[in-house]
Protein chains: 2
Amino acid sequence: MSSKRVYFFGDGTADGNATMKNLLGGKGANLAEMTSLDIPVPPGFTITTEMCIEYQRTRVLSDELKNEVKAALAKVEAIMEKKFDNPADPLLFSVRSGARVSMPGMMDTVLNLGLNDETVLGLAAISGNERFSYDSYRRLVQMYGDVVMGVDGHTLEHAIDAIKAARGFELDTELSVDDLKELIATMKGIIKKETGNDFPTDPFEQLWGGVEAVFKSWNVERAIEYRRINHIPGDWGTAVNCQAMVFGNMGETSATGVAFTRDPSSGENYFYGEFLVNAQGEDVVAGTRTPQQLNNHGRDLLPAGNVAKDLATLEELMPESYKALDAIRTRLENHYKDMQDIEFTIQDNRLWMLQTRGGKRTGVAAIRVAAEMEKEGMVTSDEALLLVEPDHLDQLLHDQIDPDAELNVLGTGLPASPGAAQGEVVFSAQDAVTMSEAGKKVVLVRRETSPEDIAGMNVAEGILTSRGGMTSHAAVVARGMGKPCVAGCGDLMVDTNAGVMAIGGKEFKAGDMVTINGTNGSVIDGAPNLVPPHMDDPNLATIMDWADATRRLKVRTNADSPHDAQQAREFGAEGIGLCRTEHMFFGEDRILKMRQMILAENEAERREALVVIKPMQQDDFEGIFEAMDTLPVTIRLLDPPLHEFLPHDAAGQQTVADEMGVSLEVITQKVDSLHEENPMLGHRGCRLGLIYPEIYEMQVEAIIAAAVAVKTKGIDVRPEIMIPLTGTQRELGDLREMAVRIADGIIAAAKSDVKYLVGTMIEIPRAALMADKMAEVADFFSFGTNDLTQMTFGYSRDDAAVFLGEYVARGILPSDPFQQLDQSGVGQLVEMACVKGRKTNPDIHLGICGEHGGDPSSVSFCHKVGLDYVSCSPFRVPIARLAAAQVVVREKIEAGN
Amino acid sequence: MSSKRVYFFGDGTADGNATMKNLLGGKGANLAEMTSLDIPVPPGFTITTEMCIEYQRTRVLSDELKNEVKAALAKVEAIMEKKFDNPADPLLFSVRSGARVSMPGMMDTVLNLGLNDETVLGLAAISGNERFSYDSYRRLVQMYGDVVMGVDGHTLEHAIDAIKAARGFELDTELSVDDLKELIATMKGIIKKETGNDFPTDPFEQLWGGVEAVFKSWNVERAIEYRRINHIPGDWGTAVNCQAMVFGNMGETSATGVAFTRDPSSGENYFYGEFLVNAQGEDVVAGTRTPQQLNNHGRDLLPAGNVAKDLATLEELMPESYKALDAIRTRLENHYKDMQDIEFTIQDNRLWMLQTRGGKRTGVAAIRVAAEMEKEGMVTSDEALLLVEPDHLDQLLHDQIDPDAELNVLGTGLPASPGAAQGEVVFSAQDAVTMSEAGKKVVLVRRETSPEDIAGMNVAEGILTSRGGMTSHAAVVARGMGKPCVAGCGDLMVDTNAGVMAIGGKEFKAGDMVTINGTNGSVIDGAPNLVPPHMDDPNLATIMDWADATRRLKVRTNADSPHDAQQAREFGAEGIGLCRTEHMFFGEDRILKMRQMILAENEAERREALVVIKPMQQDDFEGIFEAMDTLPVTIRLLDPPLHEFLPHDAAGQQTVADEMGVSLEVITQKVDSLHEENPMLGHRGCRLGLIYPEIYEMQVEAIIAAAVAVKTKGIDVRPEIMIPLTGTQRELGDLREMAVRIADGIIAAAKSDVKYLVGTMIEIPRAALMADKMAEVADFFSFGTNDLTQMTFGYSRDDAAVFLGEYVARGILPSDPFQQLDQSGVGQLVEMACVKGRKTNPDIHLGICGEHGGDPSSVSFCHKVGLDYVSCSPFRVPIARLAAAQVVVREKIEAGN
């Protein structure tokens, strides 16, 4: 807790600086920084984010806070040589929110604080512009009534429309001073009627109300929703920035505008921006007047027919101010070493800066800005790496929804696999296949998916489910396929039997068009325009080369087929960290044998079925080994409970009974006997391998035989056998002995010199707690953070969606722990296991193969705890490579290098 | 690993002693100890248990081992002044197994090693008894063929029957020397035919075979099964004891016998035992001759008509030997400070001791021996406490199966709740109620039970299930009721629809008699005699008084009703550690309202239903508070997922639909929408409390209103509100705030001064990891070790039975972790949480309310990590009190006090 509540800035000196974003918010920190750089900034002060958090608890502004505000305000008065409540020459203030990160349009602003029936006269006299003065007063009453006092904004807006209609006017600017006076009175009447309270005339009362309004706006619904989507913790709070007002609406020598120091869409290095003469900031946003381009180059780039092509630029209209602004642009870029998003106001030919911050940009722009700034010598390649956000890469690798498209968002689920997809709704995997064969693009909609849906998922453009979390089957498989997926969409009701889904008040039948945005989780009506990916942008290669040269962590991929393995390799994967073997059993040619194996009465019958499956498995492994020549391939032995391979519905069971030539009863009895109350905690993983050793024996035989076979073809093969779900040393030790016995037997018989490793997933909390013992019998640990998260929190990934969304929204959890690794809880176990494991086995290899392997903050954690590699789905490999480099750069910066 | 493989003893000196049971087994350690005490023991040596474990891996006896054996054997030869392979005067050896704890009849023995066609002549010459010599040879060939060479014992036995039939003999003793010679030849022939190998004539070859046979016997099926039932780890191994043979069968001056230093059934202090003249040990066991009583007092106690009443006693027949034996009896009791179980042989009027060990005894005997030994001044009260095993108390509190009854054990499940129960089989709770009302005793048989079965469980004598583990619903509820239960009986097939069960090849219909033994998990055909409990034995009170004076740990109980609370209080409970509130909702008067609450469309409707439930809850709490006047009562807010309160079968759903006046579809849709893949990891506990705050609010209101109400009646009420399933500080913090706000409001409004605590279960691994944070907002932690075990291991208590049994049998786990707390894994979390919790909140109360609270080894662990109390089901309270005292005594001993 900081002892200081209010941070002053003005006239070349500031209490704060750009590093204090947590306390002062982004806006406040940068206003202080610009002030210290002697860039012209209207003086003011920032109330800290801590005061916001305090306010959420106390719901009042403390006397201590008010006193500090008054002291800072007095300094501003001294600089401006005006008094806040001087009727003759009033100092006016703006109040703006400013959180640690930008939350555009989410929180509130009030301008012109300090005006009342008396000071408006002083302002008119001093400015010599009575209309400006009353218009400013009108704006205050309207904004204050809406934002602070809670009157419906439309009611106040309607008052303006009414007077314009009565006078026969088109534009606000046609309103006379008397019209404005009448309008102000009308609005005050509305406020009184709606709230029971008068519009406050005391400037300080106005100020406190404005500050409280900003604090309250932190916890309005849209702000909470925005934070939920963007993983912003609720306990960060917002700062409040109070600044002396400067006016862009004092006549033709005044203006206001917003600009980016480079083009935020393409990344091109030119001064990009818009402005309006004689306007306040809200007018630029409101869209009632057409903004003009900042300079002639920007105007030249406008497409033919654009209205602004015929309007003068700032470069033409106010060349001195433009020159000054362009100089500040260069200073800011050089100072911040990043592309900036700025706001400015020109009051009577004098330039004032109101904001600077890192500019939001597209993926394409991000890599171009980074690459070019390095070429320009403005940043080092290390610094350039930090200019690209991992999410930018997602844009380059997947279709995106056109940012300019009008969207009818019907609901939101979890952003389970990034990119946009659109197509006709289908409700079954079979329909997906049929429609796709008929040349249609489809989006597969299910309550949840299961391994039986794989074929349908494979042909769908994207996947939408109403249940399940970030590590549900749909999410994991979709990410593996690089296919957009929105999962666990609670707004969505799916009735697959009836063939309908309903969302956001609209009902869809099979064949209706829907679009999903797996990057933010939204479900959109119809088919808005999509923007294609940019995988071959040369700037991308530049950035990735730097990343690879910088990072220590290796990046592997989770891939179950030669195709996925090949794709991941193209994305830069340095091995396979998780090859699941269970998907291999769902092929049409093998599921029957798998089921025979499961239905077998005894070990001999099971072995008989396994004999048929083995060469198929060996084939799979040979393909993957060949694709990953010279790179390690970690193969996990069978993990899911056996009942996953049997159908659970009557029709499916009848089909299996017919296929296998047994009675339906035999199938239903087996399904029944295998039923588990909590399959996630049931008979799976190494527990299967110990009770039915023949299954794992077959798999080890297939792996090693495949390795021996490809080695004779000259492939440099590096198999790693991974035992899942171990929790005791004996489980791992017994199975390791089995694997080594079989593998060594095959290798010796073939006179081969294949080398292999045997290790385990660490995904049971007990395995982490006992890691010293586990490491004694493991060549490697691979953290299965999906299951580790499930068990450490006691959350079922399939069921937790019903409360997890609410938990994140209410700040009970900072983020979905299936998406971002819970570093304080689950992370403790990971760290403990690393330390204990290395103690008894200093050579142990450590990696992570949970879905967190592709999440940037989790990658950073993995680097810090000293893992050797992360493994993630193929399309996340570039992101992991970048994130792994960024953490190294940040460490260098922290170390002062 | 000990560097010594073989421990010699003989002639007053021994390499080992009684403390070395782990290495030498119980028998070997005590033979060494007796030797050092100068008690006459035939000299010999013990091969360590470590060699047994080595043998399981290598399957050969190493040269190093053989050399050490030969060296020790040479020392025996020196003492006995005979040579092992001297044909003229052979030294013979016995080989006996001896594990760390006694496993009676589980492992193998071979006597008379060293005899062959040559040495038998020498023995005959030296002993002057040719018949004895050939009979000994016959015994060796028979035993060796069976035990070492694996010939079916019946085949060899049949050879004896054949020759007796041919000769027209009744008794073995009628066989002449020539008959025996013929018999030996016949048996050798059988051995050769059956195994392809000759009976070995080389004494050393015989010896190695005998040693290997003992090692192998450690892992035969019956030994594995015995260990599984008795929780003996598979990696303990057995030692092998080789001793110079002494012979009780050398004529009328020889004898052999077994004895207890006190009566093992009643505990009475007299020398209790039996013997046979001219016999070897196996004859006493075989039952072909009637053993005689050791002394006249024992003979007097025999019931009229007993054959031995007319036989002479050792006291009469061999008064000198008897006197010597009685003196040894006293020395041994004084030395070991415990009742001993001894074996002796008298060879030609010379007494030899072959074994001493702590004697197995009944519960009644245990407390009598302990109490009387203290009175006699032989032990202190501390030492006396260690003479009673916690399981002995179970015998005193429950019906037991008559130890003399002939049992037809059909199968075995988990010993889920101790005691014996018998009655007619019923397959539904409803039938149990109906039959019970008709005056019948019933045993309720289910695949698994659910809360809907409570009424039936309540009237049943005992409960038998085919599924579920030690913490399944059936097990937990049965223990709470003090009712015998065998759970998860894999041998049992239940078809409730058809109304049949099958076990051990027998089919039962409703109404057939069955008996279950919840103490060892066996299921028994019919109705063997039962022995009633002994709760009011005055010795019990003495022991419990000592325990209470000694222990530091408090003992609370898990109780959900005033009746259970009262009963537990009588058993010495010092509070309620876990009062579950969910069972309260299953009463006929309230389940309807509960279901209305669940089916409510919105919060208002839910609150409406809760308003009706609240006074019922308050009533429950008042009853419990009154029963527990002056003692703390920890009440857990609602924990199970809501779907547990709805029926899952079509008929049940129709009933609910009718009751509630809604369509069946409404019910099925709700059941469907509440369905969870893994309910254990789903929407339950505090997650319910946060999403539906009105439920917990109602419960807190009911608790505090009840406390205020009983306080006005003069009850000293100490409510503790427990929030279940928390995993983050915010979950607990938010709900604590809610509870405090409501509680303080009610207390203030009533001008009461009720004091209460708010704390949490620690049952999610993350809660333990974050215990420092949790403790900041908790007055107490109560370790819910059932769920903590589930999540730390990733084992579902409902599903794990299919592999847990096998895991324990194979030594992958030392014991069922739902029965005995896994100290190395789960225990780490408990310990960590204690340390971290006390760091941020030094005043925090710490307890355990999982089922482990009644398990002696777990109680000991709880004491050591510094918990304040354990809480267990009412019938386990005395056991926990004793266990809590025993750990203190053991600590004193370790500290050398």
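Structure report, in brief. (Residues numbered from 1 in each chain as written. Chains lettered and ligands numbered in written order. Predicted model: local features only at pLDDT ≥ 70, side-chain atom pairs only at ≥ 80, totals over all residues. Heavy atoms only, no water.)

Remarks on the side chain of D787 of chain A
Move 1: Tracing the backbone through its elements, the reader meets D787 of chain A in helix 31 (residues 785-793).
Move 2: Apart from residues no more than four positions distant in its own chain, D787 of chain A is found in contact with M680, R684, L725 and E763 of chain A. (Helix = DSSP H or I, 4+ residues; strand = E, 2+ residues; numbered from the N terminus. Contact = heavy atoms within 4.5 Å.)

A word on the pattern of salt bridges
All names here are of chain A.
Move 1: Tallied over the entire structure, the rule returns 104 salt bridges over all chains.
Move 2: We note a salt bridge from K181 to E130, for which the minimum N-O separation is 3.9 Å. Separated by 51 residues along the polypeptide, K181 in helix 7 (residues 177-195) and E130 in helix 5 (residues 130-148) bring together distant segments of the chain.
Move 3: Judged by its relative accessible area of 38%, E130 falls in the partly exposed class.
Move 4: Each of D548, R551, K554, E574 and R881 takes part in one network of salt bridges that share partners. (Salt bridge = Lys/Arg side-chain N within 4 Å of Asp/Glu carboxyl O. Buried < 20%, exposed > 50% of the residue type's maximum accessible area, 1.4 Å probe, protein only.)

A closer look at the sheet that holds strand 1 (residues 6-10) of chain A
Residues and elements named next belong to chain A.
Move 1: The strand order across the open sheet built from six strands is 2-1-3-6-4-5, with neighbouring strands paired in antiparallel fashion. Every other strand in the sheet has two partners, leaving strand 2 (13-14) and strand 5 (109-113) as the edge strands with one partner each.
Move 2: As paired strands, strand 1 and strand 2 are joined by two bridges and run antiparallel to one another. Of the residues in strand 2, the one forming a bridge with G10 is T13.
Move 3: The strands touched by helix 8 (residues 203-217) are strand 3 (44-47), strand 4 (93-99), strand 5 and strand 6 (238-244); relative to strand 6, the strand with the most contacts, the crossing angle is about 150 degrees. (Pairing = 2+ DSSP bridges. Axes fitted to C-alpha atoms, helices over the stretch in contact; angles between N-to-C directions.)

Focus: the sheet that holds strand 19 (residues 493-495) of chain A
Residues and elements named next belong to chain A.
Move 1: Strand order across the open sheet formed by three strands is 19-20-21, with antiparallel pairing between neighbours. Each edge of the sheet is formed by a strand with only one pairing partner; in this case those strands are strand 19 and strand 21 (506-509). Averaged over all pairs of adjacent strands, the angle between their axes in this sheet comes to 15 degrees, without regard to strand direction.
Move 2: Bridge analysis of strand 20 (residues 500-503) against strand 21 gives four bridges, and the strand direction is antiparallel. Of the residues in strand 21, the one forming a bridge with V500 is K509.

Brief notes about the packing of helix 22 (residues 588-599) of chain B against helix 24 (residues 650-660) of chain B
Residue and element names in this part refer to chain B.
Move 1: Between helix 22 and helix 24, the shortest axis-to-axis distance is 11 Å and the interhelical angle comes to 90 degrees. In terms of orientation, helix 22 and helix 24 fall into the roughly perpendicular class. When helix 22 is examined against helix 24, the residues L592, R595, Q596 and L599 are found in contact with a partner set consisting of V656, E659 and M660.
Move 2: Counted by class, the contact of helix 22 with helix 24 contains four nonpolar, one polar and two charged residues. (Parallel < 35°, antiparallel > 145°, perpendicular 65-115°, else oblique. Nonpolar A, V, L, I, M, F, W, Y, C, P; charged D, E, K, R; others polar.)

Concerning empty space enclosed by the protein
Residues and elements named next belong to chain A.
Move 1: Applying the stated criterion to the full structure yields three cavities of 30 Å³ or more.
Move 2: Here the largest cavity defines a volume of roughly 130 Å³.
Move 3: Lining the largest cavity are 13 residues; nearest its centre among them are R228, H231, L414, P415 and Q819.
Move 4: Mapped onto the lining of the largest cavity, the elements with two or more residues apiece are helix 9 (221-230), strand 14 (414-417) and helix 32 (801-809).
Move 5: Here the lining of the largest cavity takes three residues from helix 32, the largest share from any one element. (1 Å grid on protein atoms, 1.4 Å probe; cavity = no way out; pocket = protein on both sides within 12 Å on 5 of 7 lines; lining within 4 Å. Points joined across faces, edges and corners; volume = space filled by probe spheres on them.)

Regarding the relation of the copies chain A and chain B
Move 1: For the pair chain A and chain B, the superposition axis carries a translation of 0.2 Å, the fit reaches an RMSD of 0.2 Å, and the rotation angle comes to 180 degrees. Taken together, the rotation and translation relating the two chain copies correspond to the operation of a two-fold axis. Taking the C-alpha atom as reference, chain A places N678 of chain A closest to the rotation axis, 2.2 Å from it.
Move 2: A shared binding surface is used by both copies, with 100% of the interface residues of chain A retained as interface residues in chain B. (Least-squares fit on C-alpha atoms with pLDDT ≥ 70 in both.)

A closer look at the packing of aromatic side chains
Residue and element names in this part refer to chain A.
Move 1: Within the structure shown, the criterion is met by 34 aromatic pairs over all chains.
Move 2: For the ring pair F84 and F204, a centre distance of 5.1 Å and an interplane angle of 90 degrees mean the geometry is edge-to-face. In this pair, F84 is assigned in the loop between helix 3 (63-80) and strand 4 and F204 in helix 8, connecting sequence segments 120 residues apart.
Move 3: By relative accessible area, F84 is classed as buried at 0%.
Move 4: For F204, a relative accessible area of 18% translates into the label buried.
Move 5: Judged by centre distance (6.1 Å) and plane angle (85 degrees), the ring pair of F585 and F645 falls under edge-to-face. With F585 in the loop between strand 26 (576-580) and helix 22 (588-599) and F645 in the loop between strand 27 (632-636) and helix 24 (650-660), this residue pair connects regions lying 60 residues apart in the sequence. (Phe/Tyr/Trp six-rings, centres within 6.5 Å; stacked < 30°, edge-to-face > 60°.)

Some remarks on the pairing of strand 10 (residues 340-347) of chain A
All names here are of chain A.
Move 1: Burial within strand 10 is extensive, with six of its eight residues counted as buried.
Move 2: Bridge count between strand 10 and strand 11 (residues 350-358): eight bridges; the pairing is antiparallel. Looking at strand 11, one finds that Q347 is bridged to R350.
Move 3: Adjacent in sequence and paired antiparallel, strand 10 and strand 11 are bridged by two residues, among which D348 carries a positive phi angle near 55 degrees.

With respect to helix 22 of chain B
Move 1: Helix length check: helix 22 of chain B (twelve residues) gives 17 Å between terminal C-alpha atoms against 16 Å at 1.5 Å per residue, within 8%.
Move 2: Buried within helix 22 of chain B are the following residues: R590, I591, M594, R595, M597, I598 and L599 of chain B. (Expected span 1.5 Å × (residues − 1).)

Re the interface of chain A and chain B
Move 1: Facing 51 residues of chain A, the contacting portion of chain B comprises 51 residues.
Move 2: Both faces considered, chain A and chain B share a buried interface measuring about 4400 Å² in area, 52% of it formed by carbon and sulfur atoms.
Move 3: Of all residues in chain A, N678, L681 and R766 of chain A bury the most surface against chain B, accounting for 14% of the area lost on that side.
Move 4: Where chain A packs against chain B, one counts four salt bridges.
Move 5: One salt bridge in this structure joins D672 of chain B and R447 of chain A, with 3.1 Å as the shortest N-O distance.
Move 6: The interface formed by chain A and chain B holds 36 residue pairs in polar contact (both at pLDDT 80 or more) in total.
Move 7: Elements with a minimum of two residues in the side of chain A that touches chain B: helix 25 (664-674), helix 26 (686-691), helix 28 (729-749), helix 29 (765-769), helix 31, helix 32 and helix 33 (826-840) of chain A.
Move 8: Residues of the side of chain A that touches chain B, tallied by class, amount to 20 nonpolar, 14 polar and 17 charged. (Buried area = accessible area lost by both parts, 1.4 Å probe. Polar contact = N/O pair within 3.5 Å; in protein donor to acceptor, adjacent residues only side chain to side chain.)

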